[in-house]
Amino acid sequence: MNVVFYISAGIAVVSTLMVITRLNAVHALIYLIISLLAMAVIFYTLGAPFAAALEIIIYAGAIMVLFVFVVMMLNLGPATLEQERRWLRPKMWLGPSLLAGVLLAELIYMLARVHPSAGGKMVGTKLLGLTLFGPYLLGVELASLLLLAGLVGAYHLGLRPPPQSHREGE
Amino acid sequence: MRLVKCGVDMLELLWLIPALPFAGFVVLALAGGRLSRSAAAVVGAGSVGLSAIVMVLVAFEFLGTPPPHQMYSQTIWIWLRVGSFAPAIAFYLDSLSLVMIFVITFVGFLIHLYSTEFMIDDEGYSRFFAYMNLFVGSMLTLVLADNLLLLYLGWEGVGLCSYLLIGFWYTEPANGYAARKAFVVTRVGDAAMAVGLYLLFTRLDTLQIQDLMTRAAHAWPAGSALPVAAALLLLGGAVGKSAQLPLQTWLPDAMAGPTPVSALIHAATMVTAGVYLIARTHVLFTLAPAVMAVVAIVGAVTLLLAGFSGLTQWDIKRVLAYSTISQIGYMFLALGVGAWTAGIFHFMIHAFFKALLFLGAGSIIIVLDHEHNMFKMGGLRRQLPVTFWTFLAGAGALSAVPLITSGFYSKDLIIWQSYASTKGSVWLWLAGVVGALLTSMYTFRMVFITFFGPPHAQADHRPGFRINLPLVVLAVLSLAAGFINLPASLGNLPLFSDFLHSALPPASILPAKAGYEGLLALISSVVSVLGIFIIYLFTMRYRRLTEKLANSSVGGVLHRFWLAGWRFDRLYDRLVVRPYVWLARIDKDDVVDLFFDGIAWVNRMGWRALSFSQSGHLRWYAAGMAIGAAVFMGMVVFL
Amino acid sequence: MAAVPVSHGLILAGILFMLGLSGVLVRRNIIFILFCIEIMLNAAGLAFIVAGSRWESADGQVMFIFILCMAAAEVSVGLALVLQLYRSMRTLDADAASEMRG
């Protein structure tokens with residue numbers, strides 16, 4: 001299982017890299033979905049099958065589809081591609097990569113001293129269900145409130161403004 | 001002798017005496033604008049009149065059945081309490097303060113009555129009476145105060161009222177300048193006095209006057225540094241308020257105020273506050289003989305200085321101002337040689353005739369439509385007979401015309417004791433005699449130029465009853481009041497001195513000189529009459545000779561020098577005012593503020609720099625967060 | 001299931017997170033910025049799963065579920081905002097929405 005972990009890790013990293021460097025939005029989306037699928041495999045190797053399933057169903061299946069809808073709705077044409085090409089000069093990458101690199105270095109420095117191992121036992125759905133509706137019950141309720149708020153907010157923000165009334169024309 | 005048989009002890013009404021004028025002030029300050037002229041006059045003059053009536057009742061009680069030790073103390077409330085220091089609003093009545101309140105309320109009432117007619121055409125009628133009442137209340141607080149803190153309160157109060165009243169006609173800038181000058185010059189004295197109070201309090205732990213005197217007598221040996229310092233500082237305050245050398249420059253300019261103000265404040269009462277202070281704290285001064293010598297010398301020099309200046313003035317009120325400075329010099333001379341009762345006697349007599357002279361001058365001024373220049377008057381004795389005769393009585397008292405005027409008895413007492421006292425000297429006596437000569441000269445110069453000779457101006461109306469009555473009353477007092485204290489060679493009836501001996505020690509006379517009293521009295525009489533005669537010659541007979549003398553080179557220089565009050569104003573201007581104004585100008589923006597302005601400037605610069613970082617770009621802010629995270633993690637990891 | 005060292009899992013999460021961060025900082029198109037935010041959220045979820053697996057408890061997965069819910073709500077609201085922005089400014093340039101400067 002070790003090997004599976006490292007292979008999927010590699011795939012995830014490569015496809016994430018592709019996401020952030022593509023010019024076409026739909027291409028980037030596809031690469032992102034691949035990255036998420038690789039992540040799901042990683043979850044499974046770490047003994048979290050339910051999380052893996054959720055990753056695919058909700059993350060890749062719902063959230064990414066939402067992205068696809070919006071990108072299609074926006075109907076960005078070749079002009080956008082040209083714009084992206086102008087914006088993504090190689091020298092733009094210098095600052096952010098430096099910054100991210102510094103942070104990564106610090107993180108690895110801190111983590112290198114940690115030695116325990118993970119992924120020995122599988123944590124099943126039943127245990128997950130008991131934990132979720134046991135000690136974390138309040139969190140579940142709050143999450144549902146959050147989703148409700150998101151729903152209402154998205155509905156209102158997505159409304160088209162009402163057409164101008166003709167009274168002002170005179 | 002109980003005039004009124006009732007349950008209340010009259011002495012308990014003592015607190016009403018200062019309280020009534022204060023009440024008058026409050027009423028006029030709050031409602032004055034809406035009161036009619038007569039209502040304002042009734043409140044203003046009535047409050048002082050009522051205070052005078054209470055004073056009479058208290059005086060009868062005090063004289064008839066004197067309280068134990070001839071002193072009565074009444075505490076109204078404790079002002080403040082800090083540790084062991086608890087000064088009270090308390091009034092102290094003994095023979096000295098009784099004399100003072102008699103003069104203040106009685107002469108004050110007459111002046112208020114006079115002002116009800118004098119100020120009748122003025123717009124600030126009720127404001128005037130409000131200020132006058134506040135003044136009378138503060139002055140009464142000053143003389144009745146049981147402790148030095150309350151005295152200082154009254155002291156400051158009268159200083160404030162003096163400022164307000166000198167600058168009463170505030171629309172004229174010169175009046176405001178004169179008021180400020182008076183305030184600032186007396187402030188110098190007040191600061192010295194405050195330091196003196198601190199010294200007394202920190203050393204003797206009390207400011208209650210009687211306590212202070214006994215503690216000082218026990219704790220401080222005579223002539224040591226501390227009583228000298230304290231007495232010198234108190235003298236500084238007295239010199240400022242009483243317009244003696246070196247702080248005498250404010251009084252001639254204070255004549256810019258209305259004439260009743262000059263009469264009340266700058267003749268009868270406020271300027272004598274210094275005399276009262278020294279008399280009250282006489283124990284302290286006797287512990288510092290060096291300072292008493294200074295007091296006497298200051299008095300002697302000032303009376304001569306002011307005498308010469310008075311001889312050259314053309315403004316009738318300025319003559320009287322210099323005369324006041326000179327006469328207070330006599331009082332200081334008396335206090336300096338230890339003749340305490342003589343000084344207070346002269347104070348009382350001076351209050352009568354000086355107020356009379358000022359009120360008389362005021363009645364002339366008002367009928368001649370605010371003309372102050374004596375040389376534009378003349379021949380007024382036929383036009384204003386009442387004013388003439390009363391003015392003559394006052395002038396006679398001022399010149400100490402022998403035997404018939406009260407001024408003779410009071411001034412002669414001082415001159416005699418400046419020779420004969422253990423602290424006196426022949427030089428002080430000589431100064432007093434020369435001063436008396438000068439006094440009668442400038443006084444009768446004023447009388448002759450104003451009332452005799454060809455008339456240059458026409459009086460447009462005769463003054464009324466409310467002006468004439470105070471003049472007549474004061475004239476009677478100027479002539480008769482001296483008889484209560486006849487010296488040894490002329491009847492030996494020292495009623496007044498004996499009365500004051502319960503509060504002030506008698507003057508100690510050197511036995512060797514005691515016999516000269518009659519001779520010296522004769523010399524003083526001759527001198528005063530001689531002065532009148534000399535000036536008669538100069539002003540009435542040999543006019544052209546006088547003018548030639550005044551215009552000659554030496555005469556002209558002297559005349560201008562004395563006219564400008566010995567050029568003290570110019571001296572102080574060069575010495576004090578100009579450097580101060582220069583300093584104020586170069587520090588116009590206040591160097592100290594640079595530090596605080598600097599803080600604000602750094603703040604603004606920082607804001608300007610930081611506002612560039614608010615670009616509005618989303619990614620810029622995200623980058624900021626990332627940089628912050630990197631820094632923090634770095635700190636955690638590496639530090 | 002063979003065990004994987006925790007540090008490796010966390011380092012993987014870190015790498016993915018940094019990639020997402022640099023994406024946010026570089027790209028100007030708002031849609032791409034939202035992609036990269038999703039990447040970062042996912043990486044955080046991975047870290048949680050790794051930790052839960054190390055302690056052999058379900059808490060990590062619970063946290064991951066919460067992150068998922070949050071991401072869903074955030075994406076829906078965010079995309080609605082993007083649509084509004086596009087309607088009013090006719091462009092998807094993140095730098096164009098900078099009226100709160102200064």
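Everything in this summary refers to the structure shown in the same document. Please read these numbers as outputs of a predicted model, since none were measured by experiment. (Residues numbered from 1 in each chain as written. Chains lettered and ligands numbered in written order. Predicted model: local features only at pLDDT ≥ 70, side-chain atom pairs only at ≥ 80, totals over all residues. Heavy atoms only, no water.)

1. A closer look at the overall build of chain A
The criterion, for reference: Secondary structure is summarised from DSSP: a helix means a run of H or I of at least four residues, a strand means a run of E of at least two, and numbering begins at the N terminus for each. In this setup the radius of gyration rests on C-alpha atoms only. A globule is expected at 2.2 Å times the number of residues raised to 0.38. Only protein chains enter the area calculation, which uses a 1.4 Å probe; residues under 20% of their type maximum are buried, those over 50% are exposed, and those in between are partly exposed. Residue burial considers only the protein chains on display, and all accessible areas are found by Shrake-Rupley using a 1.4 Å probe. Counting rule for charge: Lys and Arg are taken as positive, Asp and Glu as negative, and neither His nor the chain ends is counted. The atom standing in for a charge is NZ when the residue is Lys, CZ when it is Arg, CG when it is Asp and CD when it is Glu.
Looking only at helices and strands, chain A features 7 helices and 1 strand. Put simply, chain A runs from its N terminus to its C terminus through helices and strands in the order α-α-α-α-α-β-α-α. Here chain A has a C-alpha radius of gyration of 22 Å; the compact-globule value for 170 residues is 15 Å, and the former is much larger. Across its three principal directions, the C-alpha atoms of chain A cover 75 × 50 × 25 Å. Within chain A, the proportion of its 170 residues that are buried is 34%. Of the roughly 10100 Å² of accessible surface on chain A, 73% is carried by carbon and sulfur atoms. Distance between charge centroids for chain A: 11 Å, based on 10 positive and 7 negative side chains.

2. Focus: helix α3 (residues 49-74) of chain A
Spacing of three or four residues puts side chains on the same side of an α-helix, whose turn is 3.6 residues. Condition: Helix span, expected: 1.5 Å multiplied by one less than the number of residues in the helix. The quantity called bend is, for any residue, the angle between two axes fitted respectively to the seven residues ending at it and the seven beginning at it. By the convention used here, residues are in contact when the closest approach between their heavy atoms is within 4.5 Å.
Compared with the 38 Å implied by 1.5 Å per residue over 26 residues, the 36 Å span of α3(A) between its first and last C-alpha is a close match. Remark: the principal bend of α3(A), roughly 30°, maps to A:E55. Buried residues of α3(A): A:A51, A:A52, A:L54, A:E55, A:Y59, A:A60, A:I63, A:M64, A:F67, A:V70, A:V71 and A:L74, and no others. Buried residues in α3(A) make contact with α2 (25-45) of chain A together with α2 (30-55) and α3 (59-89) of chain C.

3. Describing the interface of chain A and chain C
Put simply, the rule reads: Once two parts are joined, some of their accessible surface, as seen by a 1.4 Å probe, is lost; buried area is that loss totalled over both. Within this document, salt bridges are pairs made up of a side-chain nitrogen of Lys or Arg and a carboxyl oxygen of Asp or Glu, the two lying within 4 Å of each other. N or O atoms closer than or at 3.5 Å make up a polar contact, with two conditions inside protein: a donor-capable atom paired with an acceptor-capable one, and, for residues adjacent in sequence, both atoms drawn from side chains.
Each partner contributes to the interface: chain A provides 84 residues, whereas chain C provides 68 residues. Around 7000 Å² of area is buried between chain A and chain C when both sides are counted, 78% of it from carbon and sulfur atoms. Joining chain A to chain C, the criterion identifies 0 salt bridges. Summed over the shared surface of chain A and chain C, the number is 12 residue pairs in polar contact (both at pLDDT 80 or more).

4. Describing the packing of aromatic side chains
All names here are of chain B. Heads up, the condition is: Pairing of aromatic rings covers Phe, Tyr and Trp, the last counted by its six-membered ring, and requires centre-to-centre distances within 6.5 Å; plane angles under 30 degrees mean stacked, over 60 mean edge-to-face, and any other angle means tilted. The criterion for a charge sitting over a ring is simple: Lys NZ or Arg CZ within 6 Å of the ring centre, and within 35 degrees of the ring normal.
Taken as a whole and assessed by the stated rule, the structure comprises 32 aromatic pairs over all chains. Pairing F345 with F496 gives two aromatic rings, centres 5.0 Å apart and planes at 40°, and the pair type is tilted. Taken together, the residues F345 in helix α15 (residues 340-367) and F496 in helix α21 (residues 495-500) connect sequence positions 151 residues apart. Residues F345 and F496 agree in their burial class; the two are buried. Aromatic side chains F388 and F452 sit 5.7 Å apart centroid to centroid with 75° between the ring planes, which places their arrangement in the edge-to-face category. One end of the pair, F388, is in helix α17 (residues 385-399); the other, F452, is in the loop between α19 (426-451) and α20 (465-480), with 64 residues separating them in the sequence. The exposure class of F388 is buried, given its relative accessible area of 6%. Pairwise contacts between aromatic rings join F388, W389, F391, F444, F448, F451, F452 and Y536 into one cluster. Between the NZ or CZ atom of R127 and the centre of the ring of F168, over which it lies, the distance is 4.2 Å.

5. Considering the packing of α17(B) against α19(B)
Residues and elements named next belong to chain B. What counts here: Axis angles are defined between N-to-C directions and span 0 to 180 degrees, where every axis is a line fitted to C-alpha atoms and, for a helix, only to the segment in contact. Each angle gets one of four labels, with under 35 degrees taken as roughly parallel, over 145 as roughly antiparallel, 65 to 115 as roughly perpendicular, and the rest as oblique. Crossings are classed by handedness, with left-handed meaning an anticlockwise turn of the near helix from the far one by less than a right angle and right-handed meaning a clockwise turn. By the convention adopted, Pro, Cys, Tyr, Trp, Phe, Met, Ile, Leu, Val and Ala count as nonpolar, Lys, Arg, Asp and Glu as charged, and the other residues, Gly among them, as polar.
One can describe the packing of α17 onto α19 by two numbers: an axis separation of 9 Å at closest approach and a directional angle of 165°. Relative to α19, the element α17 lies roughly antiparallel. In this structure, the crossing between α17 and α19 has a hand that is left-handed. Residues T387, F388, F391, L392, A395, G396, L398 and S399 of α17 form the contact with α19, whose participating residues are T439, S440, Y442, T443, F444, M446, V447 and F451. Looking at the contact of α17 with α19, its residues break down into 10 nonpolar, 6 polar and no charged.

6. Some remarks on the interface of chain C and chain B
The interface of chain C with chain B comprises 13 residues on the first partner and 11 residues on the second. Here chain C meets chain B over a buried area of about 940 Å², counting both sides, of which 57% is carbon and sulfur. Applying the counting criterion to the chain C and chain B interface returns 1 salt bridge. Of the charged contacts, one joins B:R619 and C:D95 as a salt bridge, the two residues approaching to 2.9 Å between their closest N and O atoms. By residue number, the principal contributor to the side of chain C that touches chain B is helix α1 (residues 6-26) of chain C, which donates 4 residues.

7. Side note on the pairing of strand β2 (residues 88-93) of chain B
Of all 6 residues in β2(B), 6 are buried, a share of seventy percent or more. Burial of β2(B) is two-sided: the residues B:A88, B:A90 and B:Y92 facing one way and the residues B:I89, B:F91 and B:L93 facing the other way are all buried.

8. Thoughts on a negative patch on the surface
Note the following rule: Patch definition: residues above 30% relative accessible area lacking any salt bridge, with like charges linked at up to 9 Å and the nonpolar side chains Val, Leu, Ile, Met, Phe, Trp and Tyr linked at up to 5 Å.
On the surface, B:D589, B:D590, B:D593 and B:D597 cluster together into a negatively charged patch. In this structure, B:D590 sits in the loop between α25 (568-586) and α26 (593-611).

9. Description of the nonpolar core
For clarity, the cut-off: To define a nonpolar core, start from buried Ala, Val, Leu, Ile, Met, Phe, Trp, Tyr and Cys residues and group those joined through side-chain atoms within 4.5 Å.
Within the largest apolar cluster, 197 residues are counted, with the highest numbers of intra-cluster contacts made by B:L93, B:L151, B:F285 and B:I344. If we skip the residues at most four places from it in the chain, B:L151 touches B:L142, B:A145, B:M193, B:I209, B:Y276 and B:L277. Counting residues in hydrophobic clusters, the runner-up holds 82 residues, among them A:A52, A:L103, A:L104 and C:I49.

10. Points about the pattern of salt bridges
Residue and element names in this part refer to chain B. In this structure the tally under the stated criterion is 11 salt bridges over all chains. Between D573 and R578 there is a salt bridge whose closest N-O contact spans 3.2 Å. With a relative accessible area of 46%, R578 lands in the partly exposed category. Among the ionic contacts, a cluster of salt bridges with common partners joins E156, R187, D190 and K241.

11. Topic: the packing of α3(A) against α3(C)
Contact geometry for α3(A) and α3(C): axes closest at 11 Å, N-to-C directions at 0°. Taken together, the axes of α3(A) and α3(C) are roughly parallel relative to one another. Only C:Q61, C:F64, C:I65, C:L68, C:A71, C:A72, C:V75, C:S76, C:L79, C:V82, C:L83 and C:Y86 of α3(C) make contact with α3(A), whose side of the interface consists of A:F50, A:A51, A:L54, A:E55, A:I58, A:Y59, A:I63, A:L66, A:F67, A:V70, A:M73 and A:L74. Looking at the contact of α3(A) with α3(C) residue by residue, the classes come out as 21 nonpolar, 2 polar and 1 charged.

12. Here's the deal with unusual backbone geometry
In this chain, B:L245 is followed by B:P246 through a cis amide linkage whose omega measures -5°. Residue B:A400 is not a glycine yet carries a positive backbone phi of 60°. Structurally, the position occupied by B:A400 is in the loop between α17 and α18 (406-420). At C:R90, a residue that is not glycine, the phi angle is positive and equals roughly 65°. Locating C:R90 in the fold gives a position in the segment after α3.

13. A closer look at a nonpolar patch on the surface
Where nonpolar side chains cluster on the molecular surface, the patch consists of A:Y109, A:M110, B:I627, B:V631, B:F632, B:M635, B:F638 and B:L639 and spans about 870 Å² of accessible area. Breaking the nonpolar patch down by element, the ones donating at least two residues are α5 (94-111) of chain A together with α27 (618-638) of chain B. Among the structural elements, B:F632 can be located in helix α27.

14. As for the side chain of B:S406
All names here are of chain B. With respect to the helices, strands and loops of the structure, S406 is situated in helix α18. There is a polar contact of 2.3 Å between the side chain of S406 and the backbone oxygen of S478. Once you skip the residues sitting within four places of it in the chain, S406 turns out to touch I349, A397, L477, S478, L479, A481 and G482.

15. Quick notes on the side chain of B:T324
Summarising the element assignment, B:T324 is placed in helix α14 (residues 316-336). Setting aside residues up to four positions removed in sequence, B:T324 forms contacts with B:L251, B:H266, B:A267, B:V271, B:H350, B:K354 and B:F358.

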